[in-house]
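Breakdown of the fold
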Amino acid sequence: MSDDDTAKAVQRWREAAPDAVLLDGFHTLKHALRFGADVPYAVTSDKAAVLGLAEDLAGDMTERIAALLVEVPLETLRELVPKVHPTRVAALAVRPEREKNTELLSRLPRRAPIVVLDNPRNLGNMGAVVRLAAGFGVTGVVTTGDMDPWHPNAVRAGAGLHYATAVERLPSDALPPGPLYVLDPEGDDIRSVPLPDDALLVFGSERHGVSPELRARATRLLSLPMRPQVSSYNLATSVAMALFHWGGPADPPPSP
């Protein structure tokens, strides 16, 4: 690639970056493309290595990734991203329209629950929950509070699977319709309660739990089995346990 071509690629990247979703690493790019993300730019410092990964791990994506990738010097890649991923690839994607996601989240009847994270504080945990939600085929993940679930750290932890479900931040008084099943240590044992497909499964942070406002609105309080003197589970672990209890849909969820 000529110096002029590299300069043009860098300029286009920098112009697009402020409004785009950063896809950091091969698996993040792979999943985003697989689930329909609009990815206008992707760069790498080692195209041959990335295509080798694609052939080994994502043969269905190899041609698309090959056509998309622009190779740049490693020094240039370091200038474009906060930290170079070990796979030496990064891309920019268009964030899904908020209106489209909120319409999907509000649609009834619903075949799968919505996971609600009440004021989460850890971006890695948020991303891990999105990855779980995508795997279980839930309708979406809603967060409250001031942290953006589309932050690059959350997208990386979710391996790009934000594009496989509907992920939005909403005020706690504007949640989608449906009964609120709130995870709380004082609730009924979750193993004794069937979870309906239209449920909103509400989880608080490990430190503070669910806010009093949402707790007061709960259709039912549920607790996870836990031995005495163990204070809490990791957030993603709690979500996984609840979704496993729910069971998962027979068919894939609708595209966000």
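In what follows, the structure referred to is the one given above.
All values reported here derive from a predicted model rather than from experimental measurement.

**A closer look at the overall build of the protein chain**
Broken down by element type, the protein chain carries 10 helices and 10 strands. When its C-alpha atoms are laid out on the principal axes, the protein chain stretches across 65 × 35 × 35 Å. In the protein chain, buried positions account for 47% of the 256 residues. Here the protein chain contributes 26 positive and 32 negative side-chain charges, whose respective centroids are spaced 3 Å apart.

**A closer look at the sheet that holds strand 3 (residues 69–71)**
One open sheet accounts for four strands, arranged 1-4-2-3; its pairing is mixed. Single-partner strands in this sheet number two, and they are strand 1 (21–24) and strand 3. With strand direction ignored, the average angle separating the axes of adjacent strands in the sheet is 25 degrees. Direction of pairing for strand 2 (residues 41–44) relative to strand 4 (residues 89–93): antiparallel, over a ladder of four bridges. The partner of Ala42 across the bridge, within strand 4, is Ala91. Here helix 2 (residues 26–34) sits on the sheet and contacts strand 1, strand 2 and strand 4; the angle it forms with strand 1, its principal contact strand, is near 125 degrees.

**Details of the sheet that holds strand 9 (residues 200–203)**
Strand order in the open sheet formed by six strands is 7-6-5-9-8-10, with parallel pairing between adjacent strands. The strands lining the two open edges of the sheet, one partner per strand, are strand 7 (166–169) and strand 10 (220–223). Taken over all neighbouring pairs, the strand axes of this sheet differ in orientation by 30 degrees on average, direction set aside. Pairing between strand 5 (residues 114–117) and strand 6 (residues 140–143): four bridges, direction parallel. In the strand pairing of strand 6, Val116 is matched with Val142. With respect to the sheet, helix 7 (residues 123–136) is in contact with strand 5, strand 6 and strand 7, its orientation differing from that of strand 6 by roughly 155 degrees. Of the strands in this sheet, strand 5 and strand 9 are in contact with helix 10 (residues 235–246), which crosses strand 9 at around 155 degrees.

**Some remarks on the nonpolar core**
In this structure, Leu23, Leu29, Val39, Ile65, Leu117 and Phe203 are the most contacted members of the largest nonpolar core, which totals 52 residues. A per-element tally of this core places helix 10 first, with six residues. If sequence neighbours within four positions are ignored, Val39 has contacts with Leu23, Leu29, Leu33, Leu68, Ala91, Leu92 and Ala93. Leu104, Val142, Leu175 and Val182 belong to the second-largest nonpolar core, a separate cluster that totals 15 residues.

So, how was this worked out
- Residues numbered from 1 in each chain as written.
- Predicted model: local features only at pLDDT ≥ 70, side-chain atom pairs only at ≥ 80, totals over all residues.
- Heavy atoms only, no water.
- Helix = DSSP H or I, 4+ residues; strand = E, 2+ residues; numbered from the N terminus.
- Buried < 20%, exposed > 50% of the residue type's maximum accessible area, 1.4 Å probe, protein only.
- Lys, Arg positive; Asp, Glu negative; His and termini not counted.
- Charge placed at Lys NZ, Arg CZ, Asp CG, Glu CD.
- Pairing = 2+ DSSP bridges.
- Axes fitted to C-alpha atoms, helices over the stretch in contact; angles between N-to-C directions.
- Contact = heavy atoms within 4.5 Å.
- Core = buried A, V, L, I, M, F, W, Y, C linked by side-chain atoms within 4.5 Å.

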